[in-house]
Amino acid sequence: MRTLSPLRTVSVALMLVLGVACSEQESADQAMVRQAVAIEQADECHLCGMIISNFPGPKGENFSKSSDTVNKFCSTRDLFSFILQPENKRQIKEVYVHDMSKTPWQRPEDEYFIDAREAWFVIGSEKRGAMGKTLASFAQKSDAEVFIKEFGGQLYRFDDITIDVL
């Protein structure tokens, strides 16, 4: 068995340390999750171009895997219409919607954004959003069920929503 010279041993050890540090940094970068951002007065819907704050109902936001810019939507219907497009579906990293159990329907407040993948959605209620019928979003199933009793609709999870359902 051949032994390494002291210089070569130090070089190999340094490469290993740097390799581990780089892979740890990559893992940290990959794990970094961006947060929902405030909807400003003049922000336009990424899908339809309407001024988001001019309309009632839950709004949505998403980040893609390849960009640090946020896409903002005037309604959860527009959000899903965008993220369910085949060319966008695999590119979505984070998705946020309002928890409508904690914020007024007419003017949703941005501190109540939640992870859409964990949310409960009500489709087909009598409540209207920017694009007419919209998907009411809730952090808790029980809140969504109370909403259904008052306004109608059917309960869905994020992964159960398809273009056909919209």
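For the structure itself, consult the block above.
Residues numbered from 1 in each chain as written. Predicted model: local features only at pLDDT ≥ 70, side-chain atom pairs only at ≥ 80, totals over all residues. Heavy atoms only, no water.

(A) Quick look at the overall build of the chain. Across its full length, the chain holds 4 helices and 9 strands. Reading the chain from its N terminus to its C terminus gives the helix and strand order α-β-β-α-α-β-β-β-β-β-β-α-β. The 166 residues of the chain split such that 37% are buried. Taking as baseline every contact in the chain between residues at least 6 positions apart, the subset at least 24 positions apart corresponds to 60%. Accessible surface, the chain: about 9800 Å² in total, of which carbon and sulfur atoms supply 54%. (Helix = DSSP H or I, 4+ residues; strand = E, 2+ residues; numbered from the N terminus. Buried < 20%, exposed > 50% of the residue type's maximum accessible area, 1.4 Å probe, protein only. Contact = heavy atoms within 4.5 Å. Areas by Shrake-Rupley, 256 points an atom, 1.4 Å probe, with all protein chains shown as cover.)

(B) Representation of the pattern of salt bridges in the model. Counted under the stated rule, the structure contains 4 salt bridges. Between K93 and E94 there is a salt bridge, with its nearest N and O atoms 4.0 Å apart. The partly exposed category is assigned to K93, whose relative accessible area is 25%. Judged by relative accessible area, which is 5%, E94 ranks as buried. When salt bridges with common partners are traced through the structure, they connect R34, D68, K93 and E94 into a single cluster. (Salt bridge = Lys/Arg side-chain N within 4 Å of Asp/Glu carboxyl O.)

(C) Representation of the packing of aromatic side chains within the structure. Tallied over the full model, the rule gives 6 aromatic pairs. Their ring planes at 50° and their centres at 5.4 Å tell us that F80 and F158 sit as a pair that is tilted. Linking F80 in helix α2 (residues 76-83) with F158 in the segment after β9 (154-157), this pair joins segments that are 78 residues apart in sequence. By relative accessible area, which is 1% here, F80 ends up buried. On the basis of an interplanar angle of 55° and a centroid distance of 5.1 Å, the ring pair of F138 and F147 is categorised as tilted. Among the aromatic residues, those joined into a cluster by ring pairs are W105, F138, F147 and F151. (Phe/Tyr/Trp six-rings, centres within 6.5 Å; stacked < 30°, edge-to-face > 60°.)

(D) Structural detail: the pairing of strand β1 (residues 60-64). Taken across its 5 residues, β1 has 5 buried, putting it largely inside the fold. Bridging between β1 and strand β2 (residues 70-73) involves 4 bridges; their strand directions are antiparallel. Across the sheet, the residue bridging to G60 is F73, located in β2. Where β1 folds back on β2, the antiparallel hairpin that results is connected by 5 residues. Pairing analysis gives 5 bridges linking β1 to strand β3 (residues 92-98), with the strands arranged antiparallel. Within β3, the residue paired with G60 across the bridge is V97. (Pairing = 2+ DSSP bridges.)

(E) Highlighting the environment of S53. Locating S53 in the fold gives a position in the loop between α1 (6-31) and β1. In this structure S53 comes out as buried when scored by relative accessible area, which is 14%. Each C-alpha atom, one on S53 and one on E40, is 7.5 Å from the other, the two residues being 13 residues apart in sequence. For S53, the contacting residues outside a window of four places in its chain are E40, Q41 and R107.

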